[in-house]
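# Close look at the chain arrangement
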Amino acid sequence: GDFILTNANAPRRPRARFRRRREMSALFDFKSFLVTLLLFICTCTYVKMKAPQLMDSHRTGLRGLFWKAARVGERLSPWVAASCLVMGAHMFWTGGGQ
């Protein structure tokens, strides 16, 4: 009869070893984490200035997290701005983290 090749009787290939990728998540690379955090704070602050009804001033849930980030951006705005400038200059002169 006919031989039907299924997963049960398929020839097995040796497992490929796990190769590490050079790309990392923004949460595991410190410099990318800082950039992500700064962009999150700046974005939340901008949205709160343009549409304050989107933020939850009772500080609960996800909208509360956005409100807290906006509050950090408002109260520490000179420091956040200086951090953005330093990070931008660093990325410009080092090639953007490549």
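Residues numbered from 1 in each chain as written. Predicted model: local features only at pLDDT ≥ 70, side-chain atom pairs only at ≥ 80, totals over all residues. Heavy atoms only, no water.

### Observations regarding the state of the cysteines
By the definition in use, this model includes zero disulfides. Unpaired in this structure, C42 has its nearest cysteine sulfur neighbour in C84, at a distance of 3.6 Å. The cysteine C44 is free of any disulfide, with C42 supplying the nearest cysteine sulfur at 9.5 Å. On the basis of relative accessible area, C44 is assigned to the buried category, the value being 5%. (Disulfide = S-S within 2.5 Å. Buried < 20%, exposed > 50% of the residue type's maximum accessible area, 1.4 Å probe, protein only.)

### Regarding helix α2 (residues 61–75)
Compared with the 21 Å implied by 1.5 Å per residue over 15 residues, the 21 Å span of α2 between its first and last C-alpha is a close match. Against the buried residues of α2 lie α1 (30–50) and α3 (77–94). (Helix = DSSP H or I, 4+ residues; strand = E, 2+ residues; numbered from the N terminus. Expected span 1.5 Å × (residues − 1). Contact = heavy atoms within 4.5 Å.)

### Thoughts on the environment of T45
Take T45: it is sitting in helix α1. T45 sits in the buried class, given a relative accessible area of 15%. Beyond its immediate stretch of four places on either side in the chain, T45 contacts A69, A70, G73 and E74.

### What to know about the packing of aromatic side chains
The tally for this structure, following the rule as stated, stands at two aromatic pairs. The interplanar angle of 75° and the centroid separation of 5.6 Å between the aromatic rings of F92 and W93 together place this pair among those described as edge-to-face. Given a relative accessible area of 67%, W93 falls into the exposed group. (Phe/Tyr/Trp six-rings, centres within 6.5 Å; stacked < 30°, edge-to-face > 60°.)

### Some remarks on the pattern of salt bridges
Applying the stated criterion across every chain yields a total of two salt bridges. Taking the shortest distance from any N to any O, the salt bridge between E74 and K48 comes out at 3.4 Å. Of this pair, E74 sits in helix α2 while K48 sits in helix α1; the two residues are 26 residues apart in sequence, bridging distant segments of the chain. Looking at E74, the relative accessible area reads 25%, which means it is partly exposed. The shortest N-O distance in the salt bridge between E74 and R71 comes to 3.3 Å. A residue pair is termed a helical-turn pair when its members lie 3 or 4 positions apart in one helix, as E74 and R71 do in helix α2 at three residues. Sharing partners across several salt bridges, the network here consists of K48, R71 and E74. (Salt bridge = Lys/Arg side-chain N within 4 Å of Asp/Glu carboxyl O.)

### Some points on a nonpolar patch on the surface
A contiguous nonpolar patch, built from F30, F33 and L37 and spanning about 290 Å² of accessible area, is present on the exposed surface. Position of F30 relative to the elements: it lies in helix α1. Accessibility expressed as a relative area gives 58% for F30, which makes it exposed. (Patch = residues over 30% accessible without salt bridge, like charges linked within 9 Å, V, L, I, M, F, W, Y side chains within 5 Å. Areas by Shrake-Rupley, 256 points an atom, 1.4 Å probe, with all protein chains shown as cover.)

### What to know about the packing of α1 against α3
At their nearest, the axes of α1 and α3 sit 11 Å apart, and the two run at 135° to each other. Compared by their axis directions, α1 and α3 come out oblique. The two elements α1 and α3 meet at a crossing, and its hand is left-handed. Where α1 abuts α3, its residues K31, L34, V35, L38, I41 and C42 lie against V80, S83, C84, M87, H90, M91 and T94. (Axes fitted to C-alpha atoms, helices over the stretch in contact; angles between N-to-C directions. Parallel < 35°, antiparallel > 145°, perpendicular 65-115°, else oblique. Left-handed = near helix turned anticlockwise from the far one by under 90°.)

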